Amino acid sequence: MGGGEGGQDKSFNFFQVLLEGSIAGGTAGVVVETALYPIDTIKTRLQAARGGSRIELKGLYSGLGGNLAGVLPASAIFVGVYEPTKRKLLETLPENLSAVAHFTAGAIGGIAASLVRVPTEVVKQRMQTRQFKSAPDAVRLIVAKEGFKGLYAGYSSFLLRDLPFDAIQFCIYEQLRIGYKLVAKRELNDPENALIGAFAGAITGAITTPLDVLKTRLMVQGQGTQYSGIVNCAQTILREEGPKAFLKGIEPRVLWIGIGGSIFFGVLEKTKSMLAERRNREVRALKDE
């Protein structure tokens, strides 16, 4: 990965890059979600709580199974779209605009993945706040009470948070890797990729916390009319709870996304390198025949 990729391989197999990216992304997404789900649950409950409400610490894995069913395809779609888009943009744009390529590819990947991510997030957060006992029940009752659009509650706020998040995180990660490679004058090893991923995740997580609070409030309100939209939600929180409320859950969020970035990018790069090695072995075997 990185700015030199487009220069190293001017022609690439689009579908091969898409497939390998999907496999690597799905694998990384499932590993991260399983490992860090309790921290995410605590973060959600902190953000959903109003005033001095106590945070319940039971059922921290509530909704994990249903969430994994959505995380796997969503992560696969994101990286599957991101990788070939990034490669194509790196080929098209001048080398000094590699950050634009990474930022744009991250946003496009986020839009594609949002079609699966949003219903997954809605069900997950309703489960985390103990509104439903199982993911199938959650889906059935949300659709029955709120219609299909209930599964996309807070969609605009989700895009408002996730598009800049995806674009910024992947841009920071890729640009740090480019700089590190130039200094080290070699390819990065697994711990280095993981460390850069952790830094990129933590920084991006902190920056986007206010957007995450808005998204959580809109998603967990269900049929409630407490907030009529993003602007109304922001105004109500500011008026009733003050500016500090926009930073609710920032500690577990930064911790979760920092560690998550380390695991995600570490697993992503490792899986991609394993797939590349397998592909190269197959090519050599065909040449030897």
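Residues numbered from 1 in each chain as written. Predicted model: local features only at pLDDT ≥ 70, side-chain atom pairs only at ≥ 80, totals over all residues. Heavy atoms only, no water.

An unreviewed UniProt entry lists the protein under the name S-adenosylmethionine transporter, from Urochloa decumbens. Looking at the Sequence similarities (unreviewed entry) heading of the UniProt record, one finds this comment for the protein: "Belongs to the mitochondrial carrier (TC 2.A.29) family." (UniProt positions renumbered as here; feature names shortened; annotations may be inferred.)

Colleague: Where do I start with the UniProt feature "transmembrane region" (unreviewed entry) in the protein in this structure?
Modeller: Within the UniProt annotation, "transmembrane region" (unreviewed entry) is assigned to residues 14–39, 60–79 and 99–118. Annotated as 100% helix and 0% strand, the span residues 14–39 places its first and last C-alpha atoms 36 Å apart. Helix and strand shares over residues 99–118 are 100% and 0% respectively, and the end C-alpha atoms of the span are 27 Å apart. (Helix = DSSP H or I, 4+ residues; strand = E, 2+ residues; numbered from the N terminus.)

Colleague: Would you mind showing me how to read the pattern of salt bridges here?
Modeller: Under the definition given, this model contains 23 salt bridges. Between Lys-43 and Asp-212 there is a salt bridge, with the nearest N and O atoms lying 3.1 Å from each other. Of the two residues, Lys-43 is situated in helix α2 (residues 14–48) and Asp-212 in helix α8 (residues 209–220); the sequence distance between them amounts to 169 residues. Comparing Lys-43 with Asp-212, the two get one shared label, buried. Salt-bridge contacts for Lys-270 lead to Asp-190; the nearest nitrogen and oxygen are separated by 3.4 Å. Of the two residues, Lys-270 sits in helix α10 (residues 250–288) while Asp-190 sits in helix α7 (residues 190–207), which places them 80 residues apart along the sequence. A relative accessible area of 38% means that Lys-270 is categorised as partly exposed. Here the salt bridges do not stand alone but share partners, grouping Asp-40, Lys-43, Glu-121, Lys-124, Asp-212, Lys-215 and Arg-253 into one network. (Salt bridge = Lys/Arg side-chain N within 4 Å of Asp/Glu carboxyl O. Buried < 20%, exposed > 50% of the residue type's maximum accessible area, 1.4 Å probe, protein only.)

Colleague: Is there a simple way to explain empty space enclosed by the protein in this structure?
Modeller: In this approach the atoms are scanned with a rolling probe the size of a water molecule, which exposes any empty space left behind. All told, the structure shown has 1 cavity of 30 Å³ or more when counted by the stated rule. For the largest cavity, the calculated volume is near 620 Å³. Every residue lining the largest cavity is counted, 27 residues in all, and those nearest its centre are Glu-33, Ser-75, Arg-117, Phe-165 and Trp-256. Elements with a contribution of two residues or more to the lining of the largest cavity: α2, α3 (64–92), α4 (98–128), α6 (155–184) and α10. Taken together, the residues of the lining of the largest cavity sort by class into 11 nonpolar, 8 polar and 8 charged. (1 Å grid on protein atoms, 1.4 Å probe; cavity = no way out; pocket = protein on both sides within 12 Å on 5 of 7 lines; lining within 4 Å. Points joined across faces, edges and corners; volume = space filled by probe spheres on them. Nonpolar A, V, L, I, M, F, W, Y, C, P; charged D, E, K, R; others polar.)

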